[in-house]
Amino acid sequence: MYDGIVPESVPTSAGGIIKPYLAVWTQPLREHYEQPLDYSAQETAGALTVTVAGATVGTVRNVSQEVIRKLNRMASPGGGEYRHVEPHVPIQHDIQVSPPRYYLPLSFEFQQP
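Residues numbered from 1 in each chain as written. Predicted model: local features only at pLDDT ≥ 70, side-chain atom pairs only at ≥ 80, totals over all residues. Heavy atoms only, no water.

A. The overall build of the protein, seen in detail. When you go through the protein residue by residue, the secondary structure sums to one helix and seven strands. Listed N to C, the secondary structure of the protein is β-β-β-α-β-β-β-β in terms of helices and strands. Here the protein holds 113 residues, and 30% of them are scored as buried. With an accessible surface of roughly 7,400 Å², the protein has 54% of that area assigned to carbon and sulfur atoms. (Helix = DSSP H or I, 4+ residues; strand = E, 2+ residues; numbered from the N terminus. Buried < 20%, exposed > 50% of the residue type's maximum accessible area, 1.4 Å probe, protein only. Areas by Shrake-Rupley, 256 points an atom, 1.4 Å probe, with all protein chains shown as cover.)

Right, dumping it as structure tokens:
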């Protein structure tokens, strides 16, 4: 798992095929667009993107589904939860890196109930 950056060289198997990995891109929490009149619900919204990468479409699909199962509607300390949100994009293929890989960015938003 990588936080905010993926190094030039990622772990590979003996055959030179990349091992699956996650890249996590976070944003600071912000004030939610719906606020009580006294602005007492500060920092109640934010975004999280988890990019799943792997050597095959099947690997990316399976790992992505597991990430969604683990994070969607997961309660966080202090209240609120992450929800899987748009954009829902298809699996992409990156041939500009070596070795080539498939990847899928998954978007989540932190929301107060």
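Alright, that's what it looks like, and here's the rest.
B. Representation of the pattern of salt bridges. Following the criterion strictly, the structure yields four salt bridges and no others. Linking arginine 69 and glutamate 66 is a salt bridge whose minimum nitrogen-to-oxygen distance equals 3.6 Å. Of this pair, arginine 69 and glutamate 66 both sit in helix H1 (residues 57-71), three residues apart, which is roughly one turn of that helix. According to the relative accessible area criterion, glutamate 66 is partly exposed, its value standing at 34%. Two residues, lysine 70 and glutamate 66, come together in a salt bridge whose shortest N-O distance is 3.7 Å. With lysine 70 and glutamate 66 both in helix H1 and four residues apart, this pair spans about one turn of that helix. Of the residues examined, lysine 70 reaches a relative accessible area of 56% and is grouped as exposed. Through salt bridges with shared partners, a single network forms among Glu66, Arg69 and Lys70. (Salt bridge = Lys/Arg side-chain N within 4 Å of Asp/Glu carboxyl O.)

C. Just the pairing of strand E7 (residues 101-111), in detail. Here strand E3 (residues 45-54) pairs with E7 via 10 bridges, running antiparallel. Residue pairing in the sheet places alanine 53 in a bridge with tyrosine 103 of E7. Bridging between strand E5 (residues 81-85) and E7 involves five bridges; their strand directions are antiparallel. Bridge assignment links tyrosine 82 to a residue of E7, and that residue is phenylalanine 110. The pairing of strand E6 (residues 92-94) with E7 spans three bridges and is antiparallel. Of the residues in E7, the one forming a bridge with aspartate 94 is arginine 101. (Pairing = 2+ DSSP bridges.)

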